[in-house]
Amino acid sequence: MIEQLDFADFRSNDEAKRYEFCTKFVSTLKQYGFARLVNHGVSSSDIDKAFETSRRFFQLPLEQKLKSPHPPTANPHRGFSPIGLENVSAISNHDSTVPLPLLKDMKESYDIGSEQDELYSNIWPPPGVCDEFEPTFTSFFLSCYRAELVILEAISIGLGLTSQALSELHATQSNELRLTHYPAVSREEFSHSTRIAAHTDFGTITLLFQDSVGGLQVELPRGSGNFLDLESGGLHECILNVGDCLQSWTNLPSARHRVHLPDNPRISLKLEAESIIDERFSIAYFGKPDRKASLRPLVKALELKDANPQYITAGEFQNMRIEGTYA
């Protein structure tokens, strides 16, 4: 459905080829709110190691995982969340004209921030609990951050902005990394539950890495309530989607998406008689603006017509959106 783009074209020494890539990249984002990227800047070996470590952590007994718990409140958004702690369906119908039924999430997750974050410290597993976890994801976070800055440069050029217009608003590493495990469940569970409810992402861009189980769906056309499968290109492909802050700045659409029962679900052969849908793993890097950055549009045509318009900061917006998910 969505063409895979080769980000290596942006690193070309041929200026015309670079510009053509940026134009095509932004055109894809305008049409879908999503893009599929290869050669995006996060190495295959880093991705493989991240998934291996994530799987190893989530396979631990629950009492071991709960030794690094996410607080019961939205902030600090750090640590392990067992199934049922977070309720994404609370924000499913934000800024939507087509309300969806509120379904409970069937997932467990782990949230990580930058080691440079002066506001929130990370909550790491204690010694003796998946000891490779902290070094693996400290390194993976930095790999994603470096890739994010280059990707933001390509988007800026494609929009006709200065090349650093977006990246300079992302200097303090207010970003987050989320590991998610969707346990194997019966097909019947999807009648009243979902893997993660429909939502838009709060930040600038999201870099999503996922296995081949399927289930990621995007709302197309936007506002229709109709969700289509977004096929996985494998662990090393990056699914990039526009977040709410980038939409505020540029009017690129922040697409509503979810993880649900795919049209052709992968069912484990040994569990086929019970119609059990395979477990699913994903890793999402949420590129977020500096908390003090204004959400005043970067595209002049989007500015409010008031004599003294008031624009909130990215930090204020993030807190407003996330609050309901841990209520």
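A few points on the structure. (Residues numbered from 1 in each chain as written. Predicted model: local features only at pLDDT ≥ 70, side-chain atom pairs only at ≥ 80, totals over all residues. Heavy atoms only, no water.)

**Points about the overall build of the protein chain**
And step 1. Along the backbone of the protein chain there are six helices and 16 strands.
And step 2. Across the 327 residues that make up the protein chain, the buried fraction comes to 55%.
And step 3. Across the protein chain, contacts joining residues at least 24 apart in sequence account for 77% of those joining residues at least 6 apart. (Helix = DSSP H or I, 4+ residues; strand = E, 2+ residues; numbered from the N terminus. Buried < 20%, exposed > 50% of the residue type's maximum accessible area, 1.4 Å probe, protein only. Contact = heavy atoms within 4.5 Å.)

**Points about the pattern of salt bridges**
And step 1. One pass over the full model with this rule turns up 14 salt bridges.
And step 2. With a closest N to O distance of 2.9 Å, Arg-256 and Glu-219 form a salt bridge. Taken together, the positions of Arg-256 in the loop between helix H5 (244-250) and strand S14 (257-259) and Glu-219 in strand S11 (residues 216-219) put the pair 37 residues apart, joining distant regions of the chain. One exposure class covers both Arg-256 and Glu-219, and it is buried.
And step 3. Within this structure, Arg-78, Asp-117, Glu-176, Lys-288 and Arg-291 form a network of salt bridges that share partners. (Salt bridge = Lys/Arg side-chain N within 4 Å of Asp/Glu carboxyl O.)

**Observations concerning unusual backbone geometry**
And step 1. Here the amide bond leading from Asn-75 into Pro-76 is cis, since omega sits at 0 degrees, within 30 degrees of zero.
And step 2. Structurally, Pro-76 can be placed in the loop between helix H3 (62-65) and strand S3 (79-81).
And step 3. Leu-220 connects to Pro-221 through a cis peptide bond whose omega is -10 degrees.
And step 4. Locating Pro-221 in the fold gives a position in the loop between S11 and strand S12 (227-229).
And step 5. In this structure, Asn-39 takes a positive phi of about 55 degrees despite not being glycine.
And step 6. Looking at the secondary structure, you find Asn-39 in the loop between strand S2 (34-38) and helix H2 (44-58).
And step 7. Within the chain, Gln-173 stands out as a residue other than glycine whose phi angle is a positive 55 degrees.
And step 8. Position of Gln-173 among the secondary structure elements: in the loop between helix H4 (133-158) and strand S6 (176-182).

**Focus: the packing of aromatic side chains**
And step 1. A full pass over the atoms with the stated rule returns 14 aromatic pairs.
And step 2. Ring geometry for Phe-10 and Phe-21: centres 6.5 Å apart, planes at 45 degrees, overall tilted. Linking Phe-10 in the loop between strand S1 (4-6) and helix H1 (15-32) with Phe-21 in helix H1, this pair joins segments that are 11 residues apart in sequence. Across the pair, Phe-21 and Phe-10 agree in class, each one buried.
And step 3. Members of the aromatic cluster, joined through ring pairs, are Phe-57, Phe-58, Phe-80, Tyr-110, Trp-124, Phe-133 and Phe-137.
And step 4. In this structure, Arg-18 packs its charged tip against the face of Phe-10, placed 4.3 Å from the ring centre.
And step 5. The ring of Phe-227 carries Arg-258 above its face, with NZ or CZ at 4.3 Å from the centroid. (Phe/Tyr/Trp six-rings, centres within 6.5 Å; stacked < 30°, edge-to-face > 60°. Lys NZ or Arg CZ within 6 Å of the ring centre and 35° of its normal.)

**So, H4**
And step 1. Here H4 spans 37 Å end to end across 26 residues, near enough to the 38 Å set by a 1.5 Å rise per residue.
And step 2. Downstream of H4 by a residue or two, Gly-160 has a phi angle that is positive, lying close to 85 degrees. (Expected span 1.5 Å × (residues − 1).)

**Comments concerning the sheet that holds S1**
And step 1. Reading across from one edge, S1-S2-S13-S10-S16-S6-S5-S3 is the order of the eight strands in this open sheet, with mixed pairing throughout. Sheet topology places S1 and S3 at the edges, where each strand pairs with a single neighbour. Ignoring strand direction, the axes of neighbouring strands in this sheet form an average angle of 25 degrees.
And step 2. As judged from the four bridges shared by S2 and strand S13 (residues 238-242), these two strands associate in the antiparallel manner. In the strand pairing of S13, Arg-36 is matched with Ile-239.
And step 3. Of the strands in this sheet, S3, strand S5 (108-113), S6, strand S10 (205-210) and strand S16 (280-287) touch H2, which is tilted by about 120 degrees from S16.
And step 4. H4 rests against S2, S5, S6, S10, S13 and S16 of the sheet, and its axis sits at about 130 degrees to S10. (Pairing = 2+ DSSP bridges. Axes fitted to C-alpha atoms, helices over the stretch in contact; angles between N-to-C directions.)

**Topic: the nonpolar core**
And step 1. Phe-25, Phe-137, Phe-140 and Ile-155 are the most contacted members of the largest nonpolar core, which totals 56 residues.
And step 2. The element contributing the most residues to this core is H4, with 11 residues.
And step 3. Apart from the residues within four sequence positions on either side, Phe-140 is in contact with Val-42, Asp-46, Ile-47, Ala-50, Leu-177, Phe-209 and Ile-283.
And step 4. Core analysis: the second largest hydrophobic core is formed by 15 residues, Ile-2, Phe-34, Ala-255 and Ala-284 among them. (Core = buried A, V, L, I, M, F, W, Y, C linked by side-chain atoms within 4.5 Å.)

**Remarks on the pairing of S2**
And step 1. The element S2 is extensively covered by neighbouring structure, given that four of its five residues are classed as buried.
And step 2. Considered for its hand, the β-α-β crossover made up of S1, H1 and S2 is right-handed. (Right-handed = clockwise from strand over helix to strand, strands pointing away.)

**Things to note about the environment of Ala-50**
And step 1. Its place among the elements puts Ala-50 in helix H2.
And step 2. A relative accessible area of 0% places Ala-50 in the buried class.
And step 3. Residues Ala-50 and Phe-140, 90 residues apart in the sequence, show an inter-C-alpha distance of 7.1 Å.
And step 4. Once you skip the residues sitting within four places of it in the chain, Ala-50 turns out to touch Thr-136, Phe-137, Phe-140 and Ile-283.

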